[in-house]
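The chain contents come next:
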Amino acid sequence: MTSPPRSLAALALAAALATPGNAQHDAPFSLRSFTTDARAAFLDREQRLLASPTRDHLLALHQNLAKEPHVAGTPGDWRVIREIERLFREMPADPGQPSPDWWSVEVHEFWPLLPTPIDAALAIITPDRLDLPLRERGVESDPQSLQQAESFAYNGYSASGDVTARVVYANYATKADFQTLRDLGVDVTGAIVLARYGANYRGYKAKFAQDAGAAGLIIFSDPADTGFSRGPVYPEGGWNTDCCIQRGSILTLGYNGDPLTPFLEATKDTPRLPIDHIPFAHIPVQPIGYAAAKEILARMTGHEAPPSWRGGLPIPYRTTGGPDLSLRLRVEQKKEIKHTANITATLKGHAEPHIKVIIGAHHDAWNSGASDPLAGTICMLETARAFALAARDGWRPRRTIVFAAWGAEEHGIIGSSEWVERELADLQQHAAAYLNLDMAAMGPDFWAAASPCLAPVVLDAAAVVPQARGAQSQSVLDHWAARAAPAPASPDAPRPRPPVGDLGGGSDHVPFAFHAAVPAASLGAGGSPGSNYHSAYDTLPWYWKVVGDDYQPALMVTRMTTAVAARLADAPQLPLDLPADFRRAAAVARHLADHLPAPTPDAPIDPRRDDLLRLADDLDQTARRLDDEDLAHLAQGRLTPAHELLARRRAWADPQGLDARPWFRSTLAAPDEDSGYAVWMLPGLRRAIERNDDDAFRHALQRLPRHGTPPRSP
């Protein structure tokens with residue numbers, strides 16, 4: 001392995017000196033189970049691992065995988081699949097040589113139902129005829145954008161249809177926005193809704209528009225959110241041009257994965273649900289740029305929209321188009337079963353090979369995908385290379401690490417869900433953690449969202465990884481904490497540790513965290529001034545101009561992933577802070593109690609408040625008990641076996657699933673039902689309170705592991 005550079009070594013030394021070496025319980029959480037000597041040896045190995053990733057390797061990976069569009073199920077997709085397979089196979093061995101017995105590679109093929117765009121058109125019909133563009137303009141200095149601008153943009157799984165109708169503007173098309181329209185007396189029935197991207201997942205925009213009676217939906221990226229209001233547009237800067245269009249899926253099925261095979265792996269021969277039984281959108285949906293949206297908004301003559309609904313275009317935003325304005329929207333798509341694949345490489349652990357840490361990033365894209373997904377995929381691959389080289393040099397972790405490139409994520413988190421459905425029984429017993437890297441290296445500002453039990457190991461790793469483009473010996477933790485909180489009044493006072501967010505929806509962690517109820521984290525970095533999300537400008541030239549060609553953010557994310565994985569895979573005791581899950585749940589229960597609907601004369605006291613406060617007390621007591629047990633074991637030199645820790649963590653998994661969403665089995669957290677990206681902690685209780693459903697509330701209370709063990713089945 002490569003010797004660590006001075007900045008890495010300095011951070012490692014600082015981390016080691018920050019805690020007494022003769023007291024295990026004083027060491028960073030993820031290192032507490034090491035003896036003093038073993039800890040020093042591990043830190044040395046870790047620094048050598050962190051020295052392996054290089055800018056040149058990341059650049060070469062990026063140039064290789066972002067050569068061409070690779071939408072799931074297309075020839076470009078299969079080129080990327082075969083290239084990643086080759087890269088995995090060659091990591092621990094010279095080209096043409098067989099892989100060692102501790103390294104295995106699998107191409108996991110699956111056959112999902114995917115959309116194929118056929119044609120689309122949008123036009124203003126009255127008061128004057130104007131065809132509106134559905135394609136972007138390429139940039140002469142960016143040849144990739146010229147190629148990608150040849151295809152029209154679309155929303156996957158839209159209904160086919162041809163609609164001529166009046167227009168209603170619905171802001172972000174959230175549930176609250178449609179309620180505002182009702183309160184304003186605006187009837188959406190039979191209208192084509194115009195809405196801007198942001199605030200929720202585009203699939204919920206379609207669902208809420210459809211539920212309101214709309215005949216069609218048009219979605220645009222407003223300059224106030226991602227365009228000229230934010231800064232110079234591409235190619236002068238990085239923000240959206242007036243023709244930039246965000247593609248994307250609009251699936252909202254209550255489960256992730258192949259629409260026709262919920263709970264089952266989508267093999268070639270898996271029995272499938274009839275396609276007409278699936279609640280796909282039944283209205284046509286089409287994305288556009290803000291130049292096209294401006295043509296529509298400029299012709300609207302109805303009442304002005306609320307002030308908060310006004311975007312960045314220099315014209316009035318109105319809720320209705322008036323009697324003279326009509327649009328024609330035509331969309332033609334077909335849905336067909338296609339063939340694609342995940343690719344995994346497995347590094348077998350030397351002591352507990354049945355226990356797994358999984359690191360994943362998807363490989364499919366809407367275009368060439370230099371940012372989404374490849375800014376994360378290259379970090380996963382470079383992490384895999386670091387571990388493979390270490391193993392070739394004679395060091396392997398205690399536990400197994402699986403590196404995965406997922407297919408068809410963009411269409412509905414499909415590939416990772418199919419793999420989890422295939423591996424569910426094993427994952428529930430043996431998966432220690434899942435780390436997700438989606439579009440992960442987009443700037444120097446590191447962030448993380450994680451299951452509470454994984455937050456300590458992420459924070460510990462941040463203390464030993466150099467900050468991208470930072471000062472000498474500045475760690476990721478230093479920079480992260482400085483952004484999160486103001487400097488303390490005293491220079492000697494420690495700065496609070498930065499918050500690790502709660503995991504919501506939207507990427508490949510979903511089947512792990514919420515279907516298999518495996519501890520999961522999403523790692524990434526942002527802060528670059530621009531947006532090219534799902535557009536024809538998601539290219540290498542855009543990335544190099546806006547994020548940078550030094551690949552320092554990618555190196556930082558790769559090293560963070562490597563450090564977190566090394567600690568999870570090699571610590572003598574699996575470093576999961578199980579009490580943290582219970583502490584977080586207790587805090588959420590108290591928050592829910594404090595935010596119940598206001599009392600009324602008919603119901604001055606809400607009995608659910610006492611139930612929630614008792615739940616919080618029980619959860620806190622469980623957390624304290626688990627903390628005390630763990631510290632007592634450490635003092636006695638006893639290690640809790642990984643299988644016992646994972647069995648305790650499974651208390652949050654409910655085989656019955658959540659009410660109305662049985663595919664989601666975690667009672668600790670799940671994506672919310674209204675935005676798709678946000679999280680509902682204690683989702684059973686949250687849903688019951690949102691819907692004022694007392695029976696569901698009682699059922700959700702009964703399904704929680706308030707004392708640290710799974711509740712009995714009713």
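Residues numbered from 1 in each chain as written. Predicted model: local features only at pLDDT ≥ 70, side-chain atom pairs only at ≥ 80, totals over all residues. Heavy atoms only, no water.

What follows concerns the sheet that holds strand 6 (residues 167-169). Read across the sheet, four strands follow the order 6-7-8-10 without closing on themselves; strand pairing throughout is parallel. Looking along the sheet, the strands with just one partner apiece sit at the ends: strand 6 and strand 10 (285-288). Ignoring which end each strand starts from, the neighbouring axes of this sheet average 25 degrees apart. In terms of strand pairing, strand 7 (residues 192-196) meets strand 8 (residues 216-220) through five bridges, oriented parallel. Paired with R196 across the bridge in strand 8 is F220. (Pairing = 2+ DSSP bridges. Helix = DSSP H or I, 4+ residues; strand = E, 2+ residues; numbered from the N terminus. Axes fitted to C-alpha atoms, helices over the stretch in contact; angles between N-to-C directions.)

Attention now goes to helix 21 (residues 694-702). Taken as a whole, helix 21 has its buried residues at A696, F697, A700 and L701. Down the axis of helix 21, the buried set is contained in an arc of 140 degrees. They therefore lie on one face. Against helix 18 (607-635) and helix 20 (683-690) lie the buried residues of helix 21. In this structure D693 caps helix 21, since a side-chain oxygen of it lies 3.2 Å from the backbone nitrogen of D695. (Buried < 20%, exposed > 50% of the residue type's maximum accessible area, 1.4 Å probe, protein only. Arc of directions from axis to C-beta. Contact = heavy atoms within 4.5 Å. Polar contact = N/O pair within 3.5 Å; in protein donor to acceptor, adjacent residues only side chain to side chain.)

As a further point, take the packing of aromatic side chains. The full count for this structure, using the stated rule, is 23 aromatic pairs. With a centroid separation of 5.8 Å and an interplanar angle of 35 degrees, the aromatic rings of Y204 and F208 are classed as tilted. A residue pair is termed a helical-turn pair when its members lie 3 or 4 positions apart in one helix, as Y204 and F208 do in helix 7 (residues 202-211) at four residues. In terms of burial, Y204 and F208 fall into one category: buried. Pairing W419 with F512 gives two aromatic rings, centres 6.1 Å apart and planes at 40 degrees, and the pair type is tilted. On the criterion of sequence distance, the pair formed by W419 in helix 11 (residues 414-430) and F512 in helix 14 (residues 509-515) is long-range, its members being 93 residues apart. Judged on exposure class, the residue W419 and its partner F512 are both buried. Cluster of aromatic residues (ring-pair linked, three or more members): W102, W103, F387, W395 and F403. K335 extends its terminal NZ or CZ atom over the ring of F280, reaching a point 5.0 Å from the ring centre. Taking the ring centre of F664 as reference, the NZ or CZ of R661 above it sits at 4.8 Å. (Phe/Tyr/Trp six-rings, centres within 6.5 Å; stacked < 30°, edge-to-face > 60°. Lys NZ or Arg CZ within 6 Å of the ring centre and 35° of its normal.)

With that settled, consider the sheet that holds strand 2 (residues 113-126). The antiparallel open sheet is built from four strands, whose spatial order is 3-2-11-5. Looking at the sheet topology across the chains shown, the edges are occupied by strand 3 (130-132) and strand 5 (161-165). On average, each strand axis in the sheet is tilted by 15 degrees relative to the strand beside it, whichever way the strands run. As paired elements, strand 2 and strand 3 share three bridges and run antiparallel to each other. Each bridged residue has a counterpart across the sheet, and for L122 the counterpart in strand 3 is L132. Across the face of the sheet, helix 9 (residues 290-298) comes into contact with strand 2, strand 3 and strand 11 (326-337) while running at roughly 145 degrees to strand 3.

Attention now moves to the state of the cysteines. In the structure shown here, the tally under the stated rule is zero disulfides. C244 supplies the cysteine sulfur nearest to C243, a cysteine that is in no disulfide, at a spacing of 7.0 Å. Exposure remark for C243: the relative accessible area of 7% places this residue in the buried category. (Disulfide = S-S within 2.5 Å.)

With their axes 7 Å apart at the nearest point, helix 12 (residues 455-462) and helix 13 (residues 476-484) run at an angle of 110 degrees to one another. As far as their axial angle goes, helix 13 and helix 12 are roughly perpendicular. Residues V458, L459 and A462 of helix 12 form the contact with helix 13, whose participating residues are V476, L477 and W480. (Parallel < 35°, antiparallel > 145°, perpendicular 65-115°, else oblique.)

Take the environment of V476 next. Following the sequence through the fold, V476 ends up in helix 13. Residues V476 and R706, 230 residues apart in the sequence, show an inter-C-alpha distance of 35 Å. When neighbours within four sequence positions are excluded, V476 is seen to be in contact with F446, A462, V465, P466, Q467, M556 and M560.

A few words on the domain arrangement of the protein. Partitioning the protein into domains gives domain 1 (56-112 + 339-437 + 505-570), domain 2 (116-262 + 277-334) and domain 3 (578-703). Distance from the C-alpha centre of domain 2 to the C-alpha centre of domain 3: 38 Å. On the domain 3 side, the residues contacting the ten residues of domain 2 number nine residues. Across the domain 2 to domain 3 interface the summed buried area is about 780 Å²; carbon plus sulfur atoms make up 56%. Looking at the side of domain 2 facing domain 3, the largest losses of area belong to Y204, G254 and N256, adding up to 46% of the total buried there. Where domain 2 meets domain 3, there are one salt bridge. There are two residue pairs in polar contact (both at pLDDT 80 or more) connecting domain 2 and domain 3. At three residues, the largest contribution of residues to the side of domain 2 that touches domain 3 is made by helix 7. (Domains from an automatic or database assignment. Buried area = accessible area lost by both parts, 1.4 Å probe. Salt bridge = Lys/Arg side-chain N within 4 Å of Asp/Glu carboxyl O.)

The next thing to look at is the nonpolar core. Ranked by size, the top nonpolar core spans 121 residues in total, and within it F178, I288, I296 and L685 carry the most contacts. Per-element accounting of this core gives the leading share, seven residues, to helix 17 (residues 578-594). Contact partners of I296, with chain neighbours within four places excluded, come to L122, I124, L132, V167, L194, I218, I288, L325 and L327. Among the nonpolar cores identified, the runner-up in size contains 105 residues, and F34, F42, L43 and V557 belong to it. (Core = buried A, V, L, I, M, F, W, Y, C linked by side-chain atoms within 4.5 Å.)

The omega torsion across Y234 and P235 is 10 degrees, close enough to zero to call that bond cis. Relative to the helices and strands, P235 resides in the loop between helix 8 (223-226) and strand 9 (248-249). Of the consecutive residues D372 and P373, the connecting peptide bond is found in the cis state with omega at 20 degrees. Its identity as a non-glycine residue notwithstanding, N171 has a phi of 55 degrees, on the positive side. Assignment of secondary structure puts N171 in the loop between strand 6 and helix 6 (175-183). In this structure N171 comes out as buried when scored by relative accessible area, which is 4%. Of note in the backbone geometry, A408 takes a positive phi value of approximately 55 degrees without being a glycine. Examined against the element boundaries, A408 turns out to sit in the loop between strand 14 (399-406) and helix 11.

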